[in-house]
Amino acid sequence: MSIKTWVFSFLLCLVHSYHEDRCDYIYNIISRHGYSYELHNVTTADGYILTIFRITGLVGAEGSENKPGIVLQHGISTSPNSFVGNGESSIAFYLANRGFDVWIPSARGTYYSREHVTLSFHEEKYWDYSFEELGTKDTKAYLEYIYKFKGRKVFYFGFSQGFTQIMAAFSLDPEFFKERLEKIVGWGPVIRLDLSSNVWIALATHLKIWSFLGLSNCLNVTHTSSFSRESCLAKYSKCLRLNPFCRLISMFGSEFVPYNNNPYYATGTDASSIKCFQHLAYNVYHGGFFRHPSNGEKVEYDLRKIEGVPLGLCIGEADMLAPLSSVAWFKEKFKNNKDFKMIGVYKYLGHKTFKASYTLFQHYTDTVSYTHLTLPTICSV
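Residues numbered from 1 in each chain as written. Predicted model: local features only at pLDDT ≥ 70, side-chain atom pairs only at ≥ 80, totals over all residues. Heavy atoms only, no water.

Observations concerning the overall build of the protein chain
Moving on, step 1. Each helix and strand in the protein chain was counted, giving 12 helices and 11 strands.
Moving on, step 2. Classification of the 381 residues of the protein chain by burial places 60% in the buried group.
Moving on, step 3. Of the roughly 15,000 Å² of accessible surface on the protein chain, 56% is carried by carbon and sulfur atoms. (Helix = DSSP H or I, 4+ residues; strand = E, 2+ residues; numbered from the N terminus. Buried < 20%, exposed > 50% of the residue type's maximum accessible area, 1.4 Å probe, protein only. Areas by Shrake-Rupley, 256 points an atom, 1.4 Å probe, with all protein chains shown as cover.)

Structure follows, in structure tokens:
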């Protein structure tokens, strides 16, 4: 990241202020902003019971039955809250205001999806999954449900590992996804972490620190079993006393700025399995996009099989987790997909700032334009 970009991001950090949406449950946030929602539950083939939040539109507005469906899939150690935690500028509300039927699944292990048919989330076996299972089990389960519910194909929007998991799953079962997806959009597409310039990623990988950690749940920072808005506020207050120092440190380590990025609290921060991190680290160490070593040594996902569904990517110049240097690799891997498109490369945009206000960056409107749908603007925002 250039000095100019770093200074710009740091200044945004300094003016970032607390918003009540960042310390509440997703259904309260949705209601507070005047939208109606539904809860749907889906059970995966391996017994995880997932919760999906459906934003049907503004309260009192027309139904969403005939609206195009779009799935927003969060990334690693985050939750559905990450798509609604930025006030009216949140991507979920932005899409709902533009005529989309918005579906937000909560990945297994996160606060809203901790139930299992036979296992407790306190058991180590519960956490025996990587991003491949998130794609082949979670994503397939809820896409099948939404596809049948809507009676039509849907759009898929994957942020960070949300993109990683569908790429893994699609490459293993192309026909399933061709039948159910209209288009795929990737924001901050995390696949080639080995191309990152982030020194902490390189250090953690080459020291193989994940190999010492077993399968227990990880980074369960905000949504603990005793989650409360008060505890979140307390963490925020602690950071305020250190601000801007704590934000400076977190930004230096991972460039997660300016949106809720300090060591003490973050919007939608949630649990994930250590195996997900191990899988990502394995790919960094070997320099590619491989299946977990439990499936064999260096078995590569064949991304040439991802065709028949238009695919668009948004990449930030300051994104250390989905670096600009990966663009050429994506173009090579997706050359069989005649509908592959780089939607945009955005100056100053880091990884989590993808979900910052659309008034700052163009990627929100570019994403909607990519759908090629003429949608009514239900309200001005």
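Here's the deal with unusual backbone geometry
Moving on, step 1. A positive phi is found at Ser160, a non-glycine position, where the angle reads about 60°.
Moving on, step 2. We note that Lys298 has phi near 55°; this positive angle belongs to a residue other than glycine.

Structural notes on the confidence of the model for the protein chain
Moving on, step 1. Within the protein chain, residue pLDDT values average 76, and 67% of them lie at 70 or more.
Moving on, step 2. Counting contacts from residues 12-18, a segment whose pLDDT is below 50, to residues more than four positions away or on other chains yields 16 contacts.
Moving on, step 3. Counting interchain partners and residues more than four positions distant, the pLDDT-below-50 stretch residues 212-266 has 127 contacts. (pLDDT = per-residue confidence, 0-100. Contact = heavy atoms within 4.5 Å.)

Details of the side chain of Lys150
Moving on, step 1. Along the chain, Lys150 falls in helix H4 (residues 131-150).
Moving on, step 2. One polar contact links the side chain of Lys150 to the main-chain carbonyl oxygen of Lys67, over a distance of 2.7 Å.
Moving on, step 3. Among the polar contacts listed, one links the side chain of Lys150 to the side chain of Asp101, at a separation of 2.9 Å. (Polar contact = N/O pair within 3.5 Å; in protein donor to acceptor, adjacent residues only side chain to side chain.)

Things to note about helix H5 (residues 161-172)
Moving on, step 1. With 12 residues, H5 ought to run about 16 Å at 1.5 Å a step, and its terminal C-alpha atoms sit 17 Å apart, in line with that.
Moving on, step 2. The buried fraction of H5 is high, at 11 of 12 residues. (Expected span 1.5 Å × (residues − 1).)

Notes on the pattern of salt bridges
Moving on, step 1. Per the counting criterion, the structure on display carries 18 salt bridges.
Moving on, step 2. A salt bridge links Glu38 to Arg54, with the nearest nitrogen and oxygen atoms 2.9 Å apart. One end of the pair, Glu38, is in strand S1 (residues 35-43); the other, Arg54, is in strand S2 (residues 48-58), and 16 residues separate them in sequence.
Moving on, step 3. Among the salt bridges present, the one from Arg180 reaches Glu144, with a minimum N-O distance of 2.5 Å. Taken as a pair, Arg180 in helix H6 (residues 174-180) and Glu144 in helix H4 lie far apart in primary sequence, 36 residues in all.
Moving on, step 4. Overlapping salt bridges, with partners in common, bring together Glu38, Arg54, Asp101 and Lys150 in one network. (Salt bridge = Lys/Arg side-chain N within 4 Å of Asp/Glu carboxyl O.)

Some remarks on the packing of H4 against H5
Moving on, step 1. Running from N to C, H4 and H5 point in directions that differ by 80°, and their axes come no closer than 8 Å. On the basis of the axis angle, H4 is roughly perpendicular to H5. Contacts from Phe131, Glu132, Leu134, Gly135, Thr136, Thr139 and Tyr142 of H4 reach H5 at Gln161, Thr164, Gln165, Ile166, Ala168, Ala169 and Leu172.
Moving on, step 2. Counted by class, the contact of H4 with H5 contains 7 nonpolar, 6 polar and 1 charged residues. (Axes fitted to C-alpha atoms, helices over the stretch in contact; angles between N-to-C directions. Parallel < 35°, antiparallel > 145°, perpendicular 65-115°, else oblique. Nonpolar A, V, L, I, M, F, W, Y, C, P; charged D, E, K, R; others polar.)

Some thoughts on the pairing of strand S3 (residues 69-73)
Moving on, step 1. Across the 5 residues of S3, 5 count as buried, placing the element largely inside the fold.
Moving on, step 2. On S3, burial covers both faces: Gly69, Val71 and Gln73 on one face and Ile70 and Leu72 on the other are all buried.
Moving on, step 3. Looking at chain direction, S3 and strand S4 (residues 101-105) are connected through 3 bridges and run parallel. Of the residues in S4, the one forming a bridge with Gly69 is Asp101.
Moving on, step 4. Considered for its hand, the β-α-β crossover made up of S3, helix H3 (residues 91-97) and S4 is right-handed. (Pairing = 2+ DSSP bridges. Right-handed = clockwise from strand over helix to strand, strands pointing away.)

Focus: the pairing of S2
Consecutive side chains along a regular strand alternate between the two faces of the sheet.
Moving on, step 1. When you tally the buried positions in S2, you get 9 out of 11 residues, the bulk of the element.
Moving on, step 2. Across 9 bridges, the pairing between S1 and S2 is antiparallel. When the bridges of S2 are listed, His40 appears paired with Ile52.
Moving on, step 3. Hairpin geometry of S1 and S2 is characterised by an intervening segment of 4 residues between the two adjacent antiparallel strands and by a positive phi of about 95° at Gly47.
Moving on, step 4. Where S2 and strand S5 (residues 115-116) come together, 2 bridges link them in antiparallel fashion. Residue pairing in the sheet places Tyr48 in a bridge with His116 of S5.

Topic: the environment of Thr43
Moving on, step 1. You can see Thr43 is positioned in strand S1.
Moving on, step 2. Sequence separation between Thr43 and Ala141 is 98 residues, and the spatial gap between their C-alpha atoms is 7.0 Å.

Things to note about the nonpolar core
Moving on, step 1. Of all hydrophobic cores here, the largest spans 54 residues; its most connected members are Met167, Leu181, Ile184, Phe289, Leu303 and Phe330.
Moving on, step 2. Judged by nonpolar contacts, the second largest core, of 30 residues, contains Ile55, Ala96, Phe100 and Trp187. (Core = buried A, V, L, I, M, F, W, Y, C linked by side-chain atoms within 4.5 Å.)

Re the packing of aromatic side chains
Moving on, step 1. Overall, the coordinates contain 25 aromatic pairs when judged by the stated rule.
Moving on, step 2. Aromatic side chains Tyr282 and Phe290 sit 6.4 Å apart centroid to centroid with 85° between the ring planes, which places their arrangement in the edge-to-face category. Across the pair, exposure class does not vary: Tyr282 and Phe290 are buried alike.
Moving on, step 3. Measuring from ring centre to ring centre gives 5.3 Å for Phe334 and Phe340, while their planes differ by 45°; the resulting arrangement is tilted. Here Phe334 and Phe340 have matching classes, each one buried.
Moving on, step 4. Cation over ring: Arg108 sits above Tyr48, and NZ or CZ is 3.8 Å from the ring centre.
Moving on, step 5. Lying over the aromatic face of Phe121, Arg114 brings its terminal NZ or CZ to 4.5 Å of the ring centre. (Phe/Tyr/Trp six-rings, centres within 6.5 Å; stacked < 30°, edge-to-face > 60°. Lys NZ or Arg CZ within 6 Å of the ring centre and 35° of its normal.)

Regarding H4
Moving on, step 1. Helix length check: H4 (20 residues) gives 26 Å between terminal C-alpha atoms against 28 Å at 1.5 Å per residue, within 8%.
Moving on, step 2. Along H4, the largest kink reaches about 30° and is centred on Thr139. (Bend = angle between axes of the 7 residues up to and from the residue.)

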